[in-house]
Structure formats: C-alpha cells, structure tokens
Amino acid sequence: MLYRDYGTTGKKVSLLGFGGMRFGQIDDAETCARMMVTAAEGGVNYFDTAPGYFGTKSEEVFGKGLAELRQRKLPYYVATKTFATTEKGIRTEIEGQLKRLNVPAIDFYHIWCITSLANWQERKKDGVLETFRKLKEEKLINHICVSSHLIKDEIKELLLEGVFEGVLFGYSAYNFKTREPAFDAIRAKKLGAVLMNPLGGGIIPQHPELFEFLKHNPDEPITHAALRFLWDHRDISVTLVGFNDEAQVKDTLSAINGYTPRTEAELAAVKAKASASFEGLCTGCAYCDDCPQGIPIPKFMDSYNQKLLNDKPNGNAIADRLKGHWNVDIEKAKDCIECGQCESACTQHINIIERLKAIGGKTA
Ligand code: SF4
Ligand code: SF4
C-alpha cells in the first residue's frame, strides 16, 4: 500500500480508500464488516461513508466494521458528512453518526456536496462553519473538510475561508479536464485531496472502448487502468473506491500492490489522447461556461453525456443527473437565446443549442 500526507494534518492516509456507498449486501453486516477488514489488512486506512448511503445503513455497518478493526488493532481513519447547516441540525446529525459509527469522534467530517457558490453562501448564512469549528473544539471531529461538485476554479472561493483541511471531489479519466483547476487551489492551501467517482460514475467500465488510451497493455483491466491514472496524480491523497463485494476489494488491492508510477511526461502523453477518444462527448473543459443567460452549460452537457452513454430505454438519465448530481433546474435549458457563443468556444464542436433544446423539451 502507498501512503500520502493528508494536507498538513500530519496524518498519512492510504492512497486507496474504502468508500461505503456500493456494498452489494448492505443488509448483511457481517459480510460488509469482513470487506472492511480485508481492506485494512491490505493497508487501507481511510474509510469514508455518509448518512445518505443506503439511508443510514452504511454508517451502521461501518460501526461494526470499525469495531472489528479495533479488535484486530488495524489502524483507520473514518470520514463522514452532513447536509445539515444549522447548529441544531448538525448536532442532531452527528449525535446519531457517532452512535452508528460507534466512535468517540469523526476524523474527517465534511460539509457535504456543495453544488454551486450560491449554495455555499446559503449554508454559510446558516452558520455551518461556526458549528463545525465548535465541534472541532469539542473534539467531536478532528478535521474540517468539504465535499464539492464545483467546476473549473470555483473551488478557490470555497477555500478562501481558510478553515478547511481537506476537500472531497469527483475526478476521473472521464472528467479530469474540468476538475483539474481545483488542484491549483488545493496545492496552494496544502490541503488533503480525496477523490470520489474514480470510474466516472460507471461510465469507464461500461464503455471501455472509449478509455483504451489509459491501458498499459491490452490485457490490463480498464478499472485498474483508470485507477492508475489517478494514482499517478501527485496531489491526490486518497482515491475512494466503493466495493460491491470482497472479491472487488482483493482485486483492487492487487492493482495498487502492482502499481508503478509513470513520469509526469508519460502521464501528460496519456492525457493528450483523451479528447480524441471522447468525440461527441462533452469533456467538461468548461471553455463554454460564460453564457449570457447564466445557463450552466458544462453541467447540462455532462448530463447529456449520461443519456448518450448510460440511459436505459424509457430512462431519464439527463433529468436524474441534473437534479441528483448537479442540483440544476432542467427548465433553465429553455433560457437559451441561441447566441451561438458557447458553440464557438466548444473544444469538442458539440451542437450545444440543439442539445439544450432537446433537454428543455423533455420534462423531468
Ligand atoms: S447559445 Fe444559448 S447556451 Fe450558448 S451561450 Fe448563447 S444563450 Fe447561452
Ligand atoms: S460543451 Fe464543449 S466547451 Fe463546454 S464543457 Fe463540454 S466540451 Fe467543453
């Protein structure tokens, strides 16, 4: 296992982290706990969950798993999150979390899922930062962190507070262009960087043909190649992987144990191949993101990608992605005045106006 610094906290965290969002048998606590033990025996020491993963069941099975780790003297850090913003709401939440997780304190506690800067301002008004500071003084949490769905360099504003010690955000071989600027801010503040969605929300394993460019050799599993792409990034502290079963835990441990880093030049060469493979797909570069109507175009085009790549017959992948992932009102697509500015800027030559029309005509 490889370990990296989590910012300036003094903590060494495993480059491979255990995400509690994909347990295949969440109602079988024994099996879930065994998966956590197997991961910890393989050197994983960062375990991340949330109160919304299978309701509160993920935190509950984490409680059992962490107790087993303590019994076996396997070291760990536990991370979880809250959507609550008021002091009363956060205190109620954390009280339940400490009980479920069966720990006296949470190592990395996250203000969960900032979807826009407006959303951040609202939470600040509710006093979320003051409450997190108090929780830290009271030693109920050890480190104040934030999870973000912001794009380009919006994260800079979020990090102006100077209170955060780490950031959790989505980054993968599929969306790295739009997320890369976040690392400039994270590096400047010397923060921990924990990544979620390393497989692009399933897009990478479901469409391996698009991601062939990541592979060392034709026989390398695409999931290993996609993770290696992240492990090569020197600013990443932890890559969270959600496991379905114990076999996946073992398989991913074998990938990191067999991993040898590429040079910066080799990694740059791999990244350069990405655009050609993503023809017709929005790569999230955000060059179009200056719409006079305030339409968050990269978020709409990312959601359209879901339709191209992931939609089922009669599915509603666009609406689901806009609402569930981005917290964007689908009706905003109708505000387009067809000025054409975004299409001129689009690196992928996507017919953005037509796609927005299609999205706006589709009710959620
Ligand atoms: S064409 Fe529509 S979406 Fe594109 S910049 Fe103009 S108003 Fe915005
Ligand atoms: S629509 Fe085009 S310019 Fe805009 S983020 Fe996607 S690829 Fe980049």
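Residues numbered from 1 in each chain as written. Chains lettered and ligands numbered in written order. Predicted model: local features only at pLDDT ≥ 70, side-chain atom pairs only at ≥ 80, totals over all residues. Heavy atoms only, no water.

A closer look at the overall build of the protein
- Across its full length, the protein carries 17 helices and ten strands.
- Radius of gyration (C-alpha) of the protein: 20 Å, near the 21 Å computed for a compact globule of 364 residues.
- The dimensions of the protein, computed from C-alpha atoms along their principal axes, are 60 × 50 × 40 Å.
- When burial is assessed residue by residue, the protein has 55% of its 364 residues classed as buried.
- Pairs at least 24 residues apart make up 73% of the contacts formed inside the protein by residues separated by at least 6 positions.
- If you sum the accessible surface of the protein, you get close to 15,500 Å²; carbon and sulfur atoms cover 50% of it. (Helix = DSSP H or I, 4+ residues; strand = E, 2+ residues; numbered from the N terminus. Rg over C-alpha atoms; globule rule 2.2 N^0.38 Å. Buried < 20%, exposed > 50% of the residue type's maximum accessible area, 1.4 Å probe, protein only. Contact = heavy atoms within 4.5 Å. Areas by Shrake-Rupley, 256 points an atom, 1.4 Å probe, with all protein chains shown as cover.)

Some words on the site of ligand 2
- Neighbouring residues of ligand 2: eleven residues in total, closest Cys282, Cys285, Ala286, Cys288 and Cys346.
- Residues of the shell around ligand 2, tallied by class, amount to seven nonpolar, four polar and no charged. (Near = heavy atom within 4 Å. Nonpolar A, V, L, I, M, F, W, Y, C, P; charged D, E, K, R; others polar.)

Topic: the sheet that holds strand β9 (residues 192-196)
- Read around the closed barrel, the eight strands follow the order β3-β4-β5-β6-β7-β8-β9-β10; overall the barrel is parallel. Pairs of neighbouring strands in the sheet enclose a mean axial angle of 30°, with direction left out of account.
- Here strand β8 (residues 166-170) pairs with β9 via five bridges, running parallel. Residue pairing for β9: Leu168 is matched across the bridge by Val194. (Pairing = 2+ DSSP bridges. Axes fitted to C-alpha atoms, helices over the stretch in contact; angles between N-to-C directions.)

Considering the site of ligand 1
- With respect to spatial proximity, 13 residues lie near ligand 1, and among them Cys291, Cys336, Cys339, Gly340 and Cys342 are the closest.
- Looking at side-chain class alone, the shell around ligand 1 contains ten nonpolar, two polar and one charged residues.

A word on the environment of Arg123
- If you trace the backbone, Arg123 turns up in helix α4 (residues 117-125).
- Among the residues examined, Arg123 registers a relative accessible area of 6% and is labelled buried.
- Not counting residues within four places of it along the chain, the set of residues in contact with Arg123 comprises Thr82, Phe83, Thr85, Ile111, Trp112, Cys113, Ile114 and Val128.

Observations regarding the nonpolar core
- One finds Phe18, Phe47, Phe164 and Phe211 to be the most contacted residues of the largest nonpolar core, which totals 83 residues.
- The element that contributes the greatest number of residues to this core is helix α10 (residues 222-231), accounting for seven residues.
- Setting aside anything within four residues of it in sequence, one finds Phe164 in contact with Ile111, Trp120, Leu129, Ile144, Cys145, Val146, Leu158, Leu159 and Leu191.
- Listed in part, the 22 residues of the second largest apolar core include Ile295, Phe300, Leu322 and Ile352. (Core = buried A, V, L, I, M, F, W, Y, C linked by side-chain atoms within 4.5 Å.)

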